[in-house]
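# Reading the structure
This is what each chain is made of:
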Amino acid sequence: MRTNRTAAALAEALAGPGALVLPGAYDPLSAKLVEEAGFGAVYVGSYAAAAAGYGLPDVGALTLDEIVHHTKAVVDAVRVPVVADAEGGFFEPGNIWRTVDAFERAGVAAIHIEDHAGGKHTALPQKLIPLDAMKHKLRAALDARRSKDLAIIARTDAIWATKNLDEAIVRLKAFEEVGVDYLFPTGATPEMLRRIRTHVRTKVITINLASIPDPSDWDGAADLVIDYGFCLRAATKALKDSLKLAKQRNPEAFGPAHLESEADFEARLGYADFTRRAEKYQ
C-alpha cells in the first residue's frame, strides 16, 4: 500500500495554517480531477456514491459492499489519501469489524461513522441513535483496526438533525473520551465550531454550508471542511447545459468552451502508459 494513502498522510494534508475546504468527488475520474487541482486529499461520500453510482437518493439504500466497491475504485485512481463515508457503520458493534476490515482492504485513510438514525435529506423526522449505542460502535471500530493507518472519525448530526448545539457538544466530548482520531459535527457554523473547540482538543471536520460562501471563514474553526456535493453538482450543471445546446444543434456545444480536448482528457487516463507497455512487449 502506498504510504501517502494512510491516516498519517491525511494528517499531513490537514497540517496547513487554514482549513482544507475539500470538494467531494463522486467517481474515480472526478477524484483524479480533485487530485490534479492540487487538493491534498479526496473525499467520497454516500450522497455522491448513491447519485453517481446508482442514480439513487442518499437515504441509506446502499449496502456496505456497494459503497466499498465504489470507494475502492476512487482509491485506486489517485495517490492522495481518501476519506470515506461508512454511514452508521452498517452493523451493530459486534459485527462492525466487517465494516472496518472492508474499508481497510479498500485502502482508505479514514472513515466516518455517524449517529444519525436515518431519513437524511428528507422531510422525515430527524433522529439520532442513543449516545451509549454510538460509543459502543466507535469502540468496536477502533478495536477492529489492523493498524492506525486508518483514522476513525466520529460524526454527530445533532446540530443538523435537532438544531441542538449543546447535545452535539455532549456527544463530541464523549466521542473524544472513546479515543477517535477526528470529530465531525455536521451543520456547525464557524462560530459554533469555535465554541465546540473550547470543549474538545481533537481535530474537527465539518460540512461546507451554503451560508458560508468565503472559504477563509472556516480558518481557525475547522481542520477539514467537506463540500460533499461540489463535483457532482458542478458536473451535473455543466453537462445539463451542454446537452441542452447539443439538443438544439448549437455549434457552441461542440467547442472548447464546453468540451475538454480529447488529448487532454486521455492524457490523465494512462493511454500513453498503455502504448509504452504494448510496444515493449510486442
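To be clear, the structure that these remarks concern was listed above.
Since the model is a prediction, treat every value here as computed from it, not as a measurement.

### Concerning the overall build of the protein chain
In terms of regular secondary structure, the protein chain is built from 12 helices and eight strands. Taking 282 residues into account, the globule formula puts the C-alpha radius of gyration at 19 Å, and the protein chain, at 20 Å, falls close to it. Dimensions of the protein chain, computed from C-alpha atoms along their principal axes, come out at roughly 60 × 45 × 40 Å. Here the protein chain holds 282 residues, and 46% of them are scored as buried. Sequence-distant contacts, at least 24 apart, represent 65% of the contacts inside the protein chain between residues at least 6 apart. With 34 positive and 38 negative side-chain charges, the protein chain shows a separation of 1 Å between the mean positions of the two kinds.

### Considerations on the packing of helix α6 (residues 131-144) against helix α8 (residues 165-178)
Axis separation between α6 and α8 bottoms out at 10 Å; the angle between their running directions is 30°. On the basis of their axis angle, the class for α6 and α8 is roughly parallel. Note on packing geometry: the crossing formed by α6 with α8 is right-handed. The segment α6 lies against α8, with Leu 131, Met 134, Lys 135, Leu 138, Arg 139 and Leu 142 engaging Val 170, Arg 171, Ala 174, Phe 175 and Val 178. Tallied by class, residues from the contact of α6 with α8 come to eight nonpolar, no polar and three charged.

What counts and how
- Residues numbered from 1 in each chain as written.
- Predicted model: local features only at pLDDT ≥ 70, side-chain atom pairs only at ≥ 80, totals over all residues.
- Heavy atoms only, no water.
- Helix = DSSP H or I, 4+ residues; strand = E, 2+ residues; numbered from the N terminus.
- Rg over C-alpha atoms; globule rule 2.2 N^0.38 Å.
- Buried < 20%, exposed > 50% of the residue type's maximum accessible area, 1.4 Å probe, protein only.
- Contact = heavy atoms within 4.5 Å.
- Lys, Arg positive; Asp, Glu negative; His and termini not counted.
- Charge placed at Lys NZ, Arg CZ, Asp CG, Glu CD.
- Axes fitted to C-alpha atoms, helices over the stretch in contact; angles between N-to-C directions.
- Parallel < 35°, antiparallel > 145°, perpendicular 65-115°, else oblique.
- Left-handed = near helix turned anticlockwise from the far one by under 90°.
- Nonpolar A, V, L, I, M, F, W, Y, C, P; charged D, E, K, R; others polar.

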